[in-house]
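Summary of structural features
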Amino acid sequence: VYVGRTESEVRANNNIADDITLNQDDDVLDTWFSSALWTFSTLGWPKDTDDLKTFHPTDVLVTGFDIIFFWVARMIMMTMHFNKDENGKAQIPFKKIYMTGLIRDENGDKMSKSKGNVIDPLDMIDGVSLEDLLQKRTGNMMQPKLAKKIEKLTKKEFPNGIEAHGTDALRFTLTSVATTGRDISWDMKRLEGYRNFTNKLWNASRYVLMNTEEFDCGQTGSKEETEMELSLADRWIIGQFEQTVKTVHEAFDSFRFDLASQALYEFTWNQFCDWYLELTKPVLFKGNEAQQRGTRHTLVNILEQLLRLMHPIMPFITETIWQRVQPLSDFVKVDDSIMTQAFPLFDESKCDLQAIDDLEWVKQFIVAIRNIRGEMDISPSKSLPVLLKNVNANDQRRLAENEQFLSSLAKLENIKVLSDDEQAPASASAVVGDLSVLIPMAGLIDKEAELARLDKAIDKLDKDAARTRGKLSNENFVGKAPAAVIDKEKAKLAEAESALTKMLEQKAQIAAL
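Everything quoted here is computed from the prediction, not taken from an experiment. (Residues numbered from 1 in each chain as written. Predicted model: local features only at pLDDT ≥ 70, side-chain atom pairs only at ≥ 80, totals over all residues. Heavy atoms only, no water.)

Computed from the structure, the largest pocket encloses a volume of approximately 670 Å³. In terms of lining residues, the largest pocket is bounded by 29 residues, among which Glu-106, Arg-137, Leu-153, Glu-157 and Phe-158 are the most central. With six residues, helix 8 (residues 147-157) is the largest single contributor of residues to the lining of the largest pocket. Broken down by class, the residue content of the lining of the largest pocket amounts to nine nonpolar, eight polar and 12 charged. Of the voids in this model, the second largest pocket is the one considered here, and its volume is about 450 Å³. Forming the boundary of the second largest pocket are 13 residues, of which Tyr-2, Val-10, Asn-23, Gln-24 and Asp-25 lie nearest the centre. (1 Å grid on protein atoms, 1.4 Å probe; cavity = no way out; pocket = protein on both sides within 12 Å on 5 of 7 lines; lining within 4 Å. Points joined across faces, edges and corners; volume = space filled by probe spheres on them. Helix = DSSP H or I, 4+ residues; strand = E, 2+ residues; numbered from the N terminus. Nonpolar A, V, L, I, M, F, W, Y, C, P; charged D, E, K, R; others polar.)

Rendered as structure tokens:
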């Protein structure tokens, strides 16, 4: 192959006789030149096709910052040169450019075969044995002498190979770290966390189907047969879902896919699974027909909408679950697949702000009781008497309306409101707003055993704090250690001192019983 501006130049520069035939290569576009024509050549250019008229200019280009000049700038120049609108004005190829970050390894290094730190996405999806992973990383290397080093590092990082995590978990992980333009240090633990998230969604869906598939969800029947009464928890979750829809739309519109996934995770795990499903149990087990129907109706409809909201990020698990949930819901499908259905839209009229505030109060009350149980090492199954002080009118209303939720989820024996001048016995306490929540300790714990347990824990914390304090007062250590290590030790000391203070307070409280 000879290169030149003309045939005569090639012959002269390379001493090629005239009787030797030269043929010009008919495919001379290099990669970046041909790529520069991509936005319009794929639509039929240079012919003035209907596709070119309809779809050009395009809307969004997704690319990496490392090829801005190799590709993006060339596309803009070529499009402006070859494409004009009806007024002769140069077209631009796209309206927006979304710049992704580069995915690096956990140490922040760029992935490359020579370093042996490349992770194949298919291996994270389907899993791979250590033997096959080593073969991938050390086979056909440009520098075979690095094979031993790469093998050692791989065995250390993946001693059992890579487990299967599934496509949806990988997609959700990538979305969650997709902060605009920022490089991503890949973390397998984050991927494991989002695999747990997909399992959480699956198990939550099983609970919903178990309580709705063979039951009346209020879809058909007479007026009496479809009468529904929504609980506070039902109205709360409906409002929370609408706010999540709004957040996800705003995140997608601004290309903040990380914020969209964060909103979906927060709603699904912390609100729907951790709280709402628990709050449905008192109604499903003890409510009347209208209340049970209302809760079942809310369960299936919130889950159906959540699956459609989550589908662009997690297409496979949402499709599978939706096929069973949709027939139970009010949603009328337009086709057989979830991917062709309408995306949920924000409906402000469904946001019951009072229900949201009331349920948040209920959550705080329950968490306060659970925290006292944890601090005092009281069994979760033991029913507790609760005393309340500083109860205002709003607290009284919330107590009366939600006694079933509070008694069931906080495992309460009874609730008694104390008057302003009434003295409470020695109690463990917590605060919910201005409300004081008190649990009398007498008879609930073995005083001597608990004091012995606390003494042991205090002694351990004291030694840990002293050890860390000694490190930080060692000039040799402070002078040589990296700033990150010193900060970590300081944080460890602050955490130990905080825990020590709490335990000493707890010990004094129990000793006074």
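Here we take up the sheet that holds strand 5 (residues 384-389). Strand order in the open sheet formed by four strands is 6-5-8-7, and the pairing between neighbours is mixed. Of all the strands in the sheet, the pair left with one neighbour each is strand 6 (412-417) and strand 7 (427-432). Averaged over all pairs of adjacent strands, the angle between strand axes in this sheet comes to 25 degrees, irrespective of strand direction. In the sheet, strand 5 pairs with strand 6 via five bridges, with the strands oriented parallel. Residue pairing in the sheet places Leu-388 in a bridge with Val-417 of strand 6. The sheet contacts of helix 15 (residues 353-376) involve strand 5, strand 6, strand 7 and strand 8 (435-440), and relative to strand 7 the element is tilted by about 150 degrees. (Pairing = 2+ DSSP bridges. Axes fitted to C-alpha atoms, helices over the stretch in contact; angles between N-to-C directions. Contact = heavy atoms within 4.5 Å.)

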